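Remarks on the overall topology
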Amino acid sequence: VQLQASGGGLVQPGGSLRLSCAASERTFSRYGSGWFRQAPGKERDFVAAIGWRDSVGTDYADSVRGRFFISRDNAKNTVYPQMNSLKPEDTAVYYCASCRGLTSSSCLGADFRSWGQGTLVTVSS
C-alpha cells in the first residue's frame, strides 16, 4: 500500500497543524496506523498511533500526549494527527506508517507494512 503524507509547513510556537496520511488501498483501513518523526541529527521516534478504527484505541508518546490527537476516516483511507500547542522541539519530518496489526500497539514494534514519504513541520517564530 502506498501512503501519501501531507499538511506540513511553517507554524509559530503555540499554533496548530493537521497532517494527513492518505492510502492508495482500502486494506489500509484494516490495520493500525502510526506517525513518527525525525528531527535533524536524531533517530526516528514514535509520535502517535491509532487502531484500525477509532474505538480500538490510540497511543501517544509522552512528549505529545494532551497536545496531539490522532483520528481516522476509513471511508477516505486517511489518518489525521491534529497537532496543537506546537513547540519548537516538535520541528521534524513526520512520517506515517501502516502497521502490521489491528491495534495502535502494533505500531510500537519494528515491523511495518509500508511508510509514507514524510512531510516537514517547522515550528518557529
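Structural data are supplied above this passage.
Quick caveat: nothing in here was measured; it's all calculated off a predicted structure.

A look at the state of the cysteines
Counted by the stated rule, this structure contains two disulfides. Residue Cys-21 pairs covalently with Cys-96 via a disulfide, S to S 2.2 Å. Judged by the torsion about the S-S bond (65°), the Cys-21/Cys-96 disulfide is right-handed. Here the residue Cys-21 occupies a position in strand 4 (residues 20-23), and Cys-96 occupies one in strand 10 (residues 92-99), the gap between them amounting to 75 residues. Cys-96 carries the same exposure label as Cys-21, and that label is buried.

Brief notes about the packing of aromatic side chains
In the structure shown here, the tally under the stated rule is four aromatic pairs. Feature note: the residues Phe-36, Phe-46, Phe-112 and Trp-115 constitute an aromatic cluster, connected by ring pairs. The ring of Phe-28 is capped by Arg-72, whose NZ or CZ atom sits 5.2 Å from the centre of that ring. The side chain of Arg-113 reaches across the aromatic face of Tyr-31, ending 4.0 Å from its centre.

Some thoughts on the pairing of strand 4
Each regular strand shows side chains that alternate between the opposite faces of the sheet. In this sheet, strand 4 lies alongside strand 1 (residues 3-6) in antiparallel orientation, the contact comprising four bridges. Residue pairing in the sheet places Ala-5 in a bridge with Cys-21 of strand 4.

Conventions adopted
Residues numbered from 1 in each chain as written. Predicted model: local features only at pLDDT ≥ 70, side-chain atom pairs only at ≥ 80, totals over all residues. Heavy atoms only, no water. Disulfide = S-S within 2.5 Å. Helix = DSSP H or I, 4+ residues; strand = E, 2+ residues; numbered from the N terminus. Buried < 20%, exposed > 50% of the residue type's maximum accessible area, 1.4 Å probe, protein only. Phe/Tyr/Trp six-rings, centres within 6.5 Å; stacked < 30°, edge-to-face > 60°. Lys NZ or Arg CZ within 6 Å of the ring centre and 35° of its normal. Pairing = 2+ DSSP bridges.

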